[in-house]
Amino acid sequence: MDDSVLIEERIGHVSVLTLNRPTSMNAIDPELGAALSDAWDRLQRDDETWVLVLTGAGDRAFSAGADLKTPVPEQSFAGSFLGGTGPRPVTVPPNYLKPVICAVNGLAYGAGLELLLSTDIQIATPEARFCLPEAKVGSIPGAGGTQRIAHALPRGIARRMALTGEPIDADTALRLGLVSELVARESLRERALEIAERICANAPLAVRAIKKAVEAADQLTLDDGLAMEQLLWGSLRDSEDRLEGRTAFAEKRTPVYRAR
């Protein structure tokens, strides 16, 4: 059995990352935080990784958040964990090129929910629960939680979750759009990989351009967003993958994309 705090698997062009501290409900200690930061950076530069899947080990939790029982040995880790002063965040970094699918297999509390909020597609088991409890221990959701929850949920719901620290259940998360699908526990990994493979079947440069454009829509006016969309479209026009896609369509065959 792999005793790494972060298990990494490669399945085709999909890299699966599994938080692996099940006896601590996959709480994020400095070692796991550093492993996540390293993985984001390394897989961003890995030409063979087109899509990432993030999940947790065990049956109880995706992640219960920061490990409050483990002392933080260095201020540099605290800075990066909070996402402000450190150069390598624990959550998916802003402007990350490759899609990340989050498969939530239980509790997503604190930093666990912040991890989810930083991903692109979220699915969960019916037993999942979601919470930002930081105020209960004298802190704030400082790994992007206060900002991303406000974009992800209606104003009143977002403020209530952050200010009270009360959880919501999976059905509520689905209704509010925090997750896009509920999947039985035994099918969660399979479903996440199915979604990842569907994305991998598309041209990877186009997928990254779409991700960039959709993310920018939150910050741009419609006119600026449309202008950016045209620039991205133009940047793909002469790519090998676009030519391959059009040729494969005309020849009625499956395209073979190379991210070029």
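Residues numbered from 1 in each chain as written. Predicted model: local features only at pLDDT ≥ 70, side-chain atom pairs only at ≥ 80, totals over all residues. Heavy atoms only, no water.

### With respect to the overall build of the chain
Per the secondary structure count, the chain includes 10 helices and 10 strands. Taking 260 residues into account, the globule formula puts the C-alpha radius of gyration at 18 Å, and the chain, at 19 Å, falls close to it. Across its three principal directions, the C-alpha atoms of the chain cover 60 × 50 × 40 Å. Looking at the chain as a whole, 46% of its 260 residues are labelled buried. Considering only residue pairs separated by 6 or more positions, the chain has 69% of its internal contacts joining residues 24 or more positions apart. Accessible surface for the chain amounts to roughly 13,800 Å². Of this, 54% is attributable to carbon and sulfur atoms. (Helix = DSSP H or I, 4+ residues; strand = E, 2+ residues; numbered from the N terminus. Rg over C-alpha atoms; globule rule 2.2 N^0.38 Å. Buried < 20%, exposed > 50% of the residue type's maximum accessible area, 1.4 Å probe, protein only. Contact = heavy atoms within 4.5 Å. Areas by Shrake-Rupley, 256 points an atom, 1.4 Å probe, with all protein chains shown as cover.)

### Focus: the sheet that holds strand E3 (residues 51-56)
The sheet built from 6 strands is open, its strands ordered E1-E2-E3-E5-E7-E10 with mixed pairing. Only two strands of the sheet have a single partner each, and these edge strands are strand E1 (6-11) and strand E10 (181-182). In terms of strand pairing, strand E5 (residues 100-104) meets strand E7 (residues 121-124) through 4 bridges, oriented parallel. In the strand pairing of E7, Ala103 is matched with Ile123. (Pairing = 2+ DSSP bridges.)

### Concerning the layout of surface pockets
Space left empty within the atom packing is revealed by a probe, the size of a water molecule, rolled over the atoms. Quantified by volume, the largest pocket comes out at close to 930 Å³. What lines the largest pocket is a set of 29 residues, and nearest its centre among them are Leu117, Thr119, Asp120, Glu215 and Asp218. The greatest single-element share of the lining of the largest pocket, amounting to 7 residues, is contributed by helix H8 (residues 204-216). (1 Å grid on protein atoms, 1.4 Å probe; cavity = no way out; pocket = protein on both sides within 12 Å on 5 of 7 lines; lining within 4 Å. Points joined across faces, edges and corners; volume = space filled by probe spheres on them.)

### Concerning the nonpolar core
Core analysis: the biggest nonpolar cluster contains 39 residues, and Trp40 and Phe130 have the highest contact counts within it. Looking at this core, the elements that each hand over two or more residues are strand E2 (14-19), helix H1 (30-44), E3, E5, helix H3 (111-117), helix H5 (155-164) and helix H6 (170-176). In terms of nonpolar packing, the next biggest core, distinct from the first, is built from 19 residues, Ile123, Ala192, Ala196 and Tyr257 among them. (Core = buried A, V, L, I, M, F, W, Y, C linked by side-chain atoms within 4.5 Å.)

### Remarks on the packing of H8 against helix H9 (residues 222-236)
One can describe the packing of H8 onto H9 by two numbers: an axis separation of 10 Å at closest approach and a directional angle of 170°. As the angle between them shows, H8 and H9 are arranged roughly antiparallel. In contact with Leu205, Ala206, Ala209, Lys212, Ala213 and Ala216 of H8, H9 contributes Met228, Leu232 and Leu236. For the contact of H8 with H9, the class distribution of residues is 8 nonpolar, no polar and 1 charged. (Axes fitted to C-alpha atoms, helices over the stretch in contact; angles between N-to-C directions. Parallel < 35°, antiparallel > 145°, perpendicular 65-115°, else oblique. Nonpolar A, V, L, I, M, F, W, Y, C, P; charged D, E, K, R; others polar.)

### Some points on the packing of aromatic side chains
Within this structure, the stated rule accounts for 1 aromatic pair. Look at Trp40 and Tyr96: their rings are 6.0 Å apart centre to centre, the planes differ by 75°, and that puts the pair in the edge-to-face class. Taken together, the residues span a long stretch of sequence, with Trp40 in helix H1 and Tyr96 in the loop between helix H2 (75-82) and E5 at a distance of 56 residues. When sorted by exposure, Trp40 lands in the same class as Tyr96, which is buried. (Phe/Tyr/Trp six-rings, centres within 6.5 Å; stacked < 30°, edge-to-face > 60°.)

### As for the environment of Ser15
Structurally, Ser15 is set in strand E2. With a relative accessible area of 1%, Ser15 lands in the buried category. In contact with Ser15, not counting residues within four places along its chain, are Glu9, Arg10, Leu43, Thr49, Val51, Leu52 and Val53. Side-chain polar atoms of Ser15 contact the side chain of Arg10, separated by 3.2 Å. (Polar contact = N/O pair within 3.5 Å; in protein donor to acceptor, adjacent residues only side chain to side chain.)

### What to know about the sheet that holds strand E6 (residues 107-109)
Taken in spatial order, the 4 strands line up as E4-E6-E8-E9 in an open sheet, and their pairing is mixed. A strand with exactly one partner marks an edge of an open sheet, and here the two such strands are strand E4 (61-63) and strand E9 (168-169). By the bridge criterion, 2 bridges tie E4 to E6 in an arrangement that is parallel. Among the inter-strand pairings, Ser63 is bridged to a residue of E6, identified as Ala108.

### Re the environment of Ile7
Mapping Ile7 onto the fold places it in strand E1. Here Ile7 falls in the buried class, since its relative accessible area comes to 18%. Separated by 91 residues in sequence, Ile7 and Lys98 have C-alpha atoms that sit 19 Å apart. When near neighbours in sequence (up to four residues on either side) are disregarded, Ile7 contacts Asp2, Val16, Leu17, Thr18 and Asn20.

### Concerning the confidence of the model for the chain
Per-residue confidence for the chain gives a mean pLDDT of 89, with 92% of residues at or over 70. For the chain, H2 is the element with the lowest average pLDDT, namely 51, and E5 is the one with the highest, namely 98. (pLDDT = per-residue confidence, 0-100.)

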